[in-house]
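Residue-level structure breakdown
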Amino acid sequence: MTDIHRQEPTLLQALLPVVILVGLLAASVYLFGDGSSSGPSQLALILSAAVAALVGIRNGYSWKEIERGIVQGISLAMGAMLILLVVGSVIGTWILGGVVPTMIYYGLMILTPSVFYAAACIICALVSLATGSSWTTVGTVGVALVGIAAAQNLHLGMAAGAIISGAYFGDKMSPLSDTTNLAPAMAGTDLFTHIRHMMWTTGPSITLALIIFAIAGVVMPTPTDAIQLDSIMVSLHEHFVIGPHMLLPAALVIFLVIRRMPAFPALLIGALTGGVFAIVFQQPAAVALAADPQLPHWVALLKGFWIALFDGYSLNSGNAALDELLSRGGMSSMLSTVWLIISAMMFGGAMETTMLLQKIAATILGMVRGTGSLIAATLLTAFGSNIIASDQYIAIVLPGRMFRAEYKRRNLHPKNLSRALEDAGTVTSALVPWNTCGAFMAQTLGVATFAYAPFAFFNLINPMVSAVYGFTGFTIERIDPEDADEGDLLPVAV
């Protein structure tokens, strides 16, 4: 089928599905509150995708083309959904195997409320820098850190914000990160030029975030009843074997990811290793989870391991706070989030296939005048793509394709584009509840996106620092047309 009968969408047509989506999502939050992500939000996304499809059909696209685009959009998120499922298993077996209880036990001994937020941010930054993966960081040490925060009765939104801030700093700056490799590829520069240029915006952003977290730890610590805290630590010792050797599965996963093993097999190995540790070191817990006294001992151990993989762990210690803390995980706990991601990618696929997303981006580009507004347009388009297309990779690829020629026309060095793509495309993905990243973070940490988003200070500050640099011209570099082949860099005039 040719494009001859297709009409270019109007801006009103392009905005119609977005406006409907915003209205439906607002209604779902108003009517269902925290339960909005367990069905209502999914329906809002699907209905908005249907509106986008109707607009596309009105403009000459066939349903087959739109359906193909939707399927392709969902396929882009398949890797994320597989990782999400296996992280559910990691949480289940690492709780049963004593890995998470050990992390929480030692964390309660070391991380006092006054230093927790800043320390959590630094810990996650280091792990993510080493692994190149915010998801792996949040799915491993992040789970334990939010458990420590809950046990100390700290502000969970602030705790999750600190965890996510550190995880995204490391993800953004690590040469092992997929987005850190994708952004320069889209812009037309090399990896280490891109990383060095990002230091100018990322360094001040993480510094400001750490200062805020440090101040928050001092001015708003939440004292915890020592008896309650002691009872939690005693209960941990009663129900699990605690010791440094229980941290080996976490160390193994970090080692495998550093050695460039893909996240899915590395996490699967981590989940299975956690199950082995449960069978070897946590036999009473595994047998109790099996809840079948008729089974032979070794069969009950295997059943408990199996349950932890697909349905998570459930603790009945008599300590309500600890039971709530450690009763979670399993692949089944991630199914609602997978549903949310599929629905979001349906909407994003329909918007992109029918050129509605591109129309919005092109309209933004049409308002660009100077260098500052071009950088701002790149940041806004990347953030908007995270909202509309629900995927951080699209939020990097789409603006990268759209703006690359404009940066070249203005003789701006492509590293300016690659930096802007990451300053907004990568870090803001965790702030959108229906984005693959936002959905993952909320489900894995057990803290709603809107609850932690105001406290993900690095993710909020970084795009603003990038915009300020764009309008002031600070660190914005260009290639002189006469020296373009040599790649000489000159300060750009704004």
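Residues numbered from 1 in each chain as written. Predicted model: local features only at pLDDT ≥ 70, side-chain atom pairs only at ≥ 80, totals over all residues. Heavy atoms only, no water.

Focus on the overall build of the protein
Here is the rule: Strands here are runs of E lasting at least two residues and helices are runs of H or I lasting at least four, both read from the DSSP assignment and numbered beginning at the N terminus. Values of the radius of gyration come from C-alpha atoms, whereas the globule rule sets the reference at 2.2 Å times the count of residues to the power 0.38. We call two residues contacting when some pair of their heavy atoms lies within 4.5 Å. The accessible surface values rely on the Shrake-Rupley method and a 1.4 Å probe; as for residues, cover is taken only from the protein chains in view. Note that His is not counted, nor are the chain ends; the positive residues are Lys and Arg, and the negative ones are Asp and Glu. Here the site of a charge means atom NZ of a Lys, CZ of an Arg, CG of an Asp or CD of a Glu.
The helix and strand tally for the protein stands at 24 helices and two strands. Its C-alpha atoms give the protein a radius of gyration of 24 Å, within 12% of the compact-globule value 23 Å for 494 residues. Oriented by its inertia axes, the alpha-carbon framework of the protein measures out at about 75 × 50 × 40 Å. In the protein, the proportion of contacts linking residues at least 24 apart, taken out of those at least 6 apart, comes to 77%. With an accessible surface of roughly 19,900 Å², the protein has 69% of that area assigned to carbon and sulfur atoms. Charge-centre separation for the protein: the mean point of 20 positive side chains lies 9 Å from the mean point of 27 negative side chains.

Examining the environment of Ser231
For clarity, the cut-off: Partly exposed residues are those whose accessible area sits between 20% and 50% of the maximum for their type, while under 20% is buried and over 50% is exposed, using a 1.4 Å probe and protein chains only.
Locating Ser231 in the fold gives a position in helix α11 (residues 226-239). Classification of Ser231 as partly exposed rests on a relative accessible area of 28%. Between the alpha carbons of Ser231 and Asn319 there is a distance of 8.0 Å; along the sequence they are 88 residues apart.

What to know about the packing of helix α4 (residues 78-96) against helix α13 (residues 263-281)
Spelled out, the test is: Angles shown run from 0 to 180 degrees and are taken between the N-to-C directions of axes, each axis being a line fitted to C-alpha atoms and, for helices, limited to the stretch in contact. Under this scheme an angle from 65 to 115 degrees is roughly perpendicular, one under 35 degrees roughly parallel, and one over 145 degrees roughly antiparallel; angles in between are oblique. We call a crossing left-handed when the near helix sits turned anticlockwise from the far one by less than a right angle, and right-handed when that turn is clockwise. Charged residues are taken to be Asp, Glu, Lys and Arg, nonpolar residues to be Ala, Val, Leu, Ile, Met, Phe, Trp, Tyr, Cys and Pro, and polar residues to be all remaining types, Gly included.
One way to put it is that α4 packs onto α13 with a least axis distance of 8 Å and a crossing angle of 20 degrees. Overall, the two elements α4 and α13 adopt an arrangement that is roughly parallel. Two packed elements cross with a definite hand, and for α4 against α13 that hand is left-handed. Where α4 approaches α13, its residues Leu82, Ile83, Val86, Val87, Ser89, Val90, Thr93, Trp94 and Leu96 are matched on the opposing element by Ala263, Phe264, Leu267, Leu268, Gly270, Ala271, Gly274, Gly275 and Ala278. Split by residue class, the contact of α4 with α13 holds 13 nonpolar, five polar and no charged.

Quick look at the pattern of salt bridges
Threshold: Salt bridges are identified by distance alone: a Lys or Arg side-chain nitrogen within 4 Å of an Asp or Glu carboxyl oxygen.
Following the criterion strictly, the structure yields seven salt bridges and no others. Between Arg6 and Glu65 there is a salt bridge, with its nearest N and O atoms 2.1 Å apart. With Arg6 in the segment before α1 (11-32) and Glu65 in helix α3 (residues 63-76), this residue pair connects regions lying 59 residues apart in the sequence. Classification of Glu65 by relative accessible area gives buried; the value is 13%. Across the salt bridge formed by Asp423 and Lys172, the nearest N and O atoms sit 2.7 Å from each other. Separated by 251 residues along the polypeptide, Asp423 in helix α21 (residues 414-426) and Lys172 in helix α8 (residues 156-173) bring together distant segments of the chain. Each of the two residues, Asp423 as well as Lys172, counts as buried. Because the salt bridges share partners, they merge into one network encompassing Glu406, Arg409 and Arg410.

Section: the packing of α1 against helix α2 (residues 40-58)
Between two packed helices, the angle of one axis relative to the other and the distance separating the axes together describe the packing. Between α1 and α2, the shortest axis-to-axis distance is 9 Å and the interhelical angle comes to 165 degrees. The pairing of α1 with α2 is recorded here as roughly antiparallel in orientation. As α1 packs across α2, the resulting crossing turns out to be right-handed. In this structure, α1 uses Gln13, Leu16, Pro17, Ile20, Leu21, Leu24, Leu25, Ser28 and Phe32 to contact α2, whose residues at the interface are Pro40, Ser41, Ala44, Leu45, Leu47, Ser48, Val51, Ala52, Val55 and Arg58. For the contact of α1 with α2, the residue count by class is 14 nonpolar, four polar and one charged.

Details of the environment of Ala453
Among the secondary structure elements, Ala453 is positioned in the loop between α23 (449-452) and α24 (457-472). You can call Ala453 buried: its relative accessible area is 11%. C-alpha separation for the pair Ala453 and Ser165, spaced 288 residues apart in sequence, amounts to 10.0 Å. With residues near it in sequence (within four places) discarded, Ala453 still touches Leu431 and Leu460.

What about helix α6 (residues 113-131)?
Threshold: Here the expected span of a helix is defined as 1.5 Å times the quantity of residues minus one. Across the chain, bend at a residue is computed as the angle between axes fitted to the seven residues ending at that point and the seven starting from it.
Taking 1.5 Å per residue, 19 residues should reach 27 Å; α6 reaches 27 Å between its end C-alpha atoms and fits that length. A bend of about 30 degrees at Ala119 is the largest found in α6. Of all the residues in α6, the buried ones are Phe116, Tyr117, Ala118, Ala119, Ala120, Cys121, Cys124, Ala125, Val127, Ser128 and Thr131. Tucked into the core, α6 has its buried residues touching α7 (134-151), α8, α10 (191-219) and α12 (248-258). In the stretch just after α6, Gly132 is the one whose phi turns positive, near 75 degrees.

Section: the packing of aromatic side chains
Quick note on the threshold: Side-chain rings of Phe, Tyr and Trp, where Trp is taken by its six-membered ring, are said to pair if the distance between their centres is within 6.5 Å; with planes under 30 degrees apart they count as stacked, over 60 as edge-to-face, and otherwise as tilted.
Counted by the stated rule, this structure contains ten aromatic pairs. Consider the rings of Phe455 and Phe457, whose centres lie 6.3 Å apart with planes at 90 degrees: the pair is edge-to-face. Under the relative-accessibility criterion, Phe457 is labelled buried at 14%. An aromatic cluster of three or more residues is present, and its members are Trp200, Tyr469 and Phe474.

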